[in-house]
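Listed here are the chains, written in short residue letters.
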Amino acid sequence: MYLKNSKIIVIKIGSSLLVDENKKIRKKWLSSFAKDIKKLKDKNQKIVIVSSGAIALGCKKMNFNKKNIKLDKSQAIASIGQIELMNLFSQTFSKFKLNISQILLTLEDTEERRRSLNAKRTFENLFELGFIPVVNENDTIATTEIKYGDNDRLASRVAQITNADTLILLSDVDGLFTKNPKVNKDAKLIKIVNDINKDLKEINIKGINEYGSGGMQTKIEAAKICQLAGSSMIIANGLYSNPISKIIEKNNCTWFSPKVSKLHARKKWIISSIAPKGNIVIDDGAKKALKLGKSLLAAGIKNVSGRFNKGDHIKVLDKKNNECARGLSSFSSDEVKKIMGHHSNEIQKLLGYVAKSEVIHKDDMVEV
Ligand code: GLU
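Here the structure is a predicted model, which means the values were calculated and not measured. (Residues numbered from 1 in each chain as written. Predicted model: local features only at pLDDT ≥ 70, side-chain atom pairs only at ≥ 80, totals over all residues. Heavy atoms only, no water.)

Caption draft 1: Fine view of the overall build of the protein chain. Broken down by element type, the protein chain carries 14 helices and 15 strands. Radius of gyration (C-alpha) of the protein chain: 22 Å, near the 21 Å computed for a compact globule of 368 residues. The buried share among the 368 residues of the protein chain stands at 50%. Considering only residue pairs separated by 6 or more positions, the protein chain has 73% of its internal contacts joining residues 24 or more positions apart. Of the roughly 18300 Å² of accessible surface on the protein chain, 49% is carried by carbon and sulfur atoms. (Helix = DSSP H or I, 4+ residues; strand = E, 2+ residues; numbered from the N terminus. Rg over C-alpha atoms; globule rule 2.2 N^0.38 Å. Buried < 20%, exposed > 50% of the residue type's maximum accessible area, 1.4 Å probe, protein only. Contact = heavy atoms within 4.5 Å. Areas by Shrake-Rupley, 256 points an atom, 1.4 Å probe, with all protein chains shown as cover.)

Caption draft 2: Just helix H2 (residues 27-42), in detail. For H2, built from 16 residues, the straight-helix expectation of 22 Å at 1.5 Å per residue is met to within 8% by its first-to-last C-alpha distance of 22 Å. Regarding H2, the residues found buried are Trp29, Leu30, Ser32, Phe33, Ala34, Asp36, Ile37 and Leu40. Asn44 sits one or two residues past H2 and shows a positive phi near 70 degrees. (Expected span 1.5 Å × (residues − 1).)

Caption draft 3: Fine view of the side chain of Ser330. Within the element layout of this structure, Ser330 appears in the loop between strand S13 (323-328) and helix H13 (333-339). Each residue touching Ser330, except ones within four places of it in the same chain, is listed here: Lys310, Lys356, Glu358, Val359, Ile360 and His361.

Caption draft 4: Expanded view of the packing of H2 against helix H10 (residues 243-250). H10 packs onto H2 with a crossing angle of 60 degrees between their chain directions and a minimal axis gap of 7 Å. The orientation of H2 with respect to H10, classified from their angle, is oblique. The residues of H10 that touch H2, namely those facing Trp29, Ser32, Phe33, Asp36, Lys39 and Leu40, are Pro243, Ile244, Ser245 and Ile248. Across the contact of H2 with H10, the residue classes break down as six nonpolar, two polar and two charged. (Axes fitted to C-alpha atoms, helices over the stretch in contact; angles between N-to-C directions. Parallel < 35°, antiparallel > 145°, perpendicular 65-115°, else oblique. Nonpolar A, V, L, I, M, F, W, Y, C, P; charged D, E, K, R; others polar.)

Caption draft 5: View of the sheet that holds strand S9 (residues 278-282). The strand order S11-S9-S12-S13-S15 describes an open sheet built from five strands, whose pairing is mixed. Edge positions in the sheet fall to strand S11 (301-306) and strand S15 (365-367), since each has one partner strand and no second. For this sheet the average axis-to-axis angle between neighbouring strands, irrespective of direction, equals 20 degrees. In this structure, S13 lies alongside S15, joined through three bridges in antiparallel fashion. Bridging across to S15, Ala325 finds its partner in Glu367. Most of the contacts of helix H12 (residues 284-291) go to S9, to which it runs at about 105 degrees, and overall it touches S9, strand S12 (313-317), S13 and S15. (Pairing = 2+ DSSP bridges.)

Caption draft 6: Highlighting unusual backbone geometry. Its identity as a non-glycine residue notwithstanding, Asn242 has a phi of 45 degrees, on the positive side. Topologically, Asn242 is positioned in the loop between strand S7 (232-237) and H10. Asn242 sits in the partly exposed class, given a relative accessible area of 24%.

Caption draft 7: Spatial organisation of the side chain of Asp318. Position of Asp318 relative to the elements: it lies in the loop between S12 and S13. Taking the relative accessible area as the measure of exposure, Asp318 reaches 7% and is therefore buried. At 2.9 Å, the side chain of Asp318 and the side chain of Lys287 are in polar contact. Ignoring any residue separated from it by four or fewer positions in sequence, one finds Asp318 in contact with Val281, Ile282, Lys287 and Cys324. (Polar contact = N/O pair within 3.5 Å; in protein donor to acceptor, adjacent residues only side chain to side chain.)

Quick look at the structure:
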């Protein structure tokens, strides 16, 4: 796994890399970052930047304290700060003859298939034009329920949509440690993670959650999405100047290797959903059928929770509430409530109209 072999690289930078604790913009650092990007671009590598900082720069302009602002105010602050953020990028990157564009995403843009395909096409066209898309969450309209909330997971979904080879999360620590390095002298940097569940079993992620702007938890969730998408992911320290060159030269960071996945792009997208809208609990017979690659029928459903519409992402749980699959529902949650436990030939009578017989078709489902 080498960065130099990556054709498409997504790089996420957090607010703390752009604005220091004295609210000063780290202009020198951003220049050194742009210089690194120029080197990658000169080698024909395609770059996407996911940058936070709208709220931090909005607060700076308005002289507000980030901690004291409520959500609706923070949406306005983000609207003020986003333009500051893009001006900062544009001014710095133009010095290196790099062209940037802006993409603001809301959760639905990656979680709805049609919209995610539209976004994919936009990224591809920007690559063709030689532009570097700079992405942020559309904070100005995102409310709590429909928010990524952290740019780590947003960046991993962007990596998946763009088919990136590598996602780099630039953080304020060198990577993932065995313990919290700020309080444990014997904490060791984990250089490579092949299997997230196995390799990190002994590690208390919550216990080392203090550092890193989005916390380690969201970074591990991002890594899971990347593994399934077949992208490598790196957690590296972005506080140094020339942070990308540092990764190439020193490799003092944590790499998450991708899983070799034979899943079709659509199924990769289904399995990586960030916000499933509901759960369906199934019996053992249905679980067995799923394992054999069959569709989920109403007869095997024991319970349903959450509110979802036809086409929404849902989780399939076994009797012990362990997740066994994810898929797109062919029915709304209200409809599932009416037909669960019933044989397929009763569906028409129960609903009063002709409908499919599968609650989740096998082509719309991925086993976990
Ligand atoms: N989108 C937010 C901003 O631009 C930041 C979210 C995050 O830091 O993860 O301020």
